[in-house]
Amino acid sequence: MLFPIVVFAIWFMFEKRRRQTRPVAGGLHRDISLPHEAAFELYGNAFSHCSRKTRLVMAELGIPFVHKPIDLIETGSYQTLSPAYLKVNPSGLIPTLVHNGHPVYESDDIMAYAVSQAAPGVPLLVPADAALRKSMDEWIAFGNLSSNAPTADMERRIGACVPALTLPLFITAIRYIPLHRILFGFLFHPDKARPMFFSLARVLGLRRTLSVKPIQEMVRNGRRYMRTHLGQIDDALGQTGGPWILGAQFSLADITLGCVLLRLEETGFLGSFLEKGDLGRLAAYYQRLQSRPSWKTAIVDVTHPIITRGAEDLRVARVQDREIARMLGG
């Protein structure tokens, strides 16, 4: 009996050391050289909000790149904690852009770096006017998701509402992930709340998980503040005259907000917000975003089957289960 325990302890200590994470500074790291096959390689996830932003920027700028898919547990495994990926990004976060073997960390830094690498004559997605650049940066911060405190400042930032309103989709998608893969997170993921939530959701299912009071309250708050923030975007579009959030120029701010609206659409919340009216400019804005060629390249053509199935399960549950519809729809 003692032998298996000793073997497990040795294995655990070995793997723990291989999977340790540490913070990394954003931006380009010329001091790091990684194996690479193409000039630009983008490590990311089909479902990840930050990965989507960077794919859209690369597509808008016409920069060819090789997409290196990395799984999160909600799409199959904790691949971000694999020793192989930690050699690329020791923080265990996605996305990571690798340019000629040198990594660029943090999604906003990746977007800015991509702009600096665009070919001459390509619209740069950043206004020349200082006041407009300041406004763009404020909209980007408004839409950002934090990896440290995902739902902090919901009342001030639309990005902080996104994780709360993604919870139902996490719950429906996680049923397609084997439980042993989720439990793996208790051994190696630095935030034990993640495997705890996903284990709970995997066992309880959608209705019973949403009945848990803290989760119910988080979704309720996310919905309440999200409606206010969508109104802010709609009002801003009216003030600038559109078609984009800064006015005539399409910018990095539109890419950030577009990814927020996409997440709301796939979780089913966007439709319910739009049905209640007074967001006509926002609805037209989202249609314009979806009509851009980059949207097809970076979003429509890059999907994950588990998320697709989870989103469909969530849609059906909203229609067929009145209690779930009540908990999600207010």
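Thresholds applied
- Residues numbered from 1 in each chain as written.
- Predicted model: local features only at pLDDT ≥ 70, side-chain atom pairs only at ≥ 80, totals over all residues.
- Heavy atoms only, no water.
- Pairing = 2+ DSSP bridges.
- Helix = DSSP H or I, 4+ residues; strand = E, 2+ residues; numbered from the N terminus.
- Axes fitted to C-alpha atoms, helices over the stretch in contact; angles between N-to-C directions.
- Parallel < 35°, antiparallel > 145°, perpendicular 65-115°, else oblique.
- Left-handed = near helix turned anticlockwise from the far one by under 90°.
- Contact = heavy atoms within 4.5 Å.
- Nonpolar A, V, L, I, M, F, W, Y, C, P; charged D, E, K, R; others polar.
- Salt bridge = Lys/Arg side-chain N within 4 Å of Asp/Glu carboxyl O.
- Buried < 20%, exposed > 50% of the residue type's maximum accessible area, 1.4 Å probe, protein only.
- Core = buried A, V, L, I, M, F, W, Y, C linked by side-chain atoms within 4.5 Å.
- Patch = residues over 30% accessible without salt bridge, like charges linked within 9 Å, V, L, I, M, F, W, Y side chains within 5 Å.
- Areas by Shrake-Rupley, 256 points an atom, 1.4 Å probe, with all protein chains shown as cover.
- Arc of directions from axis to C-beta.
- Polar contact = N/O pair within 3.5 Å; in protein donor to acceptor, adjacent residues only side chain to side chain.
- Right-handed = clockwise from strand over helix to strand, strands pointing away.

## As for the sheet that holds strand β4 (residues 96-99)
One open sheet accounts for 5 strands, arranged β1-β5-β4-β2-β3; its pairing is mixed. Of all strands in the sheet, those bounded by a partner on one side alone are β1 (27-28) and β3 (66-69). Across 4 bridges, β4 lies against strand β5 (residues 102-105) in antiparallel orientation. Across the sheet, residue Thr96 finds its bridge partner in β5, namely Tyr105.

## Structural notes on the packing of helix α9 (residues 213-240) against helix α10 (residues 252-267)
Running from N to C, α9 and α10 point in directions that differ by 140°, and their axes come no closer than 13 Å. When the axis of α9 is compared with that of α10, the two are oblique. The crossing of α9 and α10 is left-handed. Between α9 and α10, the contacting residues are Met226, Leu230 and Ile233 on the first element and Leu257, Val260, Leu261 and Leu264 on the second. Grouping the constituent residues of the contact of α9 with α10 by class yields 7 nonpolar, no polar and no charged.

## What to know about the pattern of salt bridges
For the structure shown, the criterion picks out 19 salt bridges. The salt bridge partner of Arg156 is Glu155, with a shortest N-O separation of 3.8 Å. What makes Arg156 exposed here is its relative accessible area of 53%. Overall, the relative accessible area of 42% leaves Glu155 in the partly exposed class. Salt bridges sharing partners connect three or more residues here, namely Glu15, Arg18 and Arg19.

## Here we look at the nonpolar core
Core analysis: the biggest nonpolar cluster contains 84 residues, and Met226, Ile233, Ile245 and Tyr285 have the highest contact counts within it. If you tally residues by element for this core, the top one is helix α6 (residues 158-174), at 12 residues. The residues touching Tyr285, leaving out its near neighbours within four places in the chain, are Ile233, Leu237, Pro243, Trp244, Ile245, Asp254, Leu257 and Leu261. Counting 8 residues, the second largest nonpolar core, distinct from the first, contains Leu34, Ile70, Leu72 and Val98.

## Overview of a nonpolar patch on the surface
Together, Leu2, Ile5, Val6, Ile10 and Met13 give the surface a local cluster of nonpolar side chains, amounting to about 510 Å² of exposed area. Judged by relative accessible area, Val6 falls into the partly exposed class, the value being 40%.

## A look at helix α7 (residues 179-188)
Taken as a whole, α7 has its buried residues at Ile182, Gly185 and Phe188. Mapping the buried residues of α7 onto a view down its axis gives an arc of 120°, with all of them on the same face.

## Some words on the side chain of Asp234
Within the secondary structure, Asp234 sits in helix α9. Of the residues examined, Asp234 reaches a relative accessible area of 3% and is grouped as buried. A polar atom in the side chain of Asp234 sits 2.8 Å from the backbone nitrogen of Leu282. Residue contacts for Asp234: discarding those within four places in its chain leaves Asp278, Leu279, Gly280, Arg281 and Leu282.

## Focus: the pairing of strand β2 (residues 40-44)
The buried count for β2 comes to 5 of 5 residues, which makes it a mostly enclosed element. In terms of strand pairing, β2 meets β4 through 4 bridges, oriented antiparallel. Looking at β4, one finds that Leu42 is bridged to Leu97. In terms of strand pairing, β2 meets β3 through 4 bridges, oriented parallel. Directly across from Glu41, in β3, lies its bridge partner Val66. Assessed by its sense of winding, the connection that carries the chain from β2 through helix α2 (residues 49-61) to β3 is right-handed.

## Let's talk about unusual backbone geometry
The omega torsion across Ile94 and Pro95 is 5°, close enough to zero to call that bond cis. The residue Pro95 is located in the loop between α3 (83-88) and β4 in this model. Cis geometry is adopted by the peptide bond preceding Pro243, which originates at Gly242 and carries an omega value of 5°. Summarising the element assignment, Pro243 is placed in the loop between α9 and α10. Of note, Asn100 is a non-glycine position whose phi angle comes to about 50°, a positive value. Tracing the backbone shows Asn100 in the loop between β4 and β5. Although it is not a glycine, Glu106 sits at a positive phi angle of roughly 75°. Among the structural elements, Glu106 can be located in the loop between β5 and α4 (107-116).

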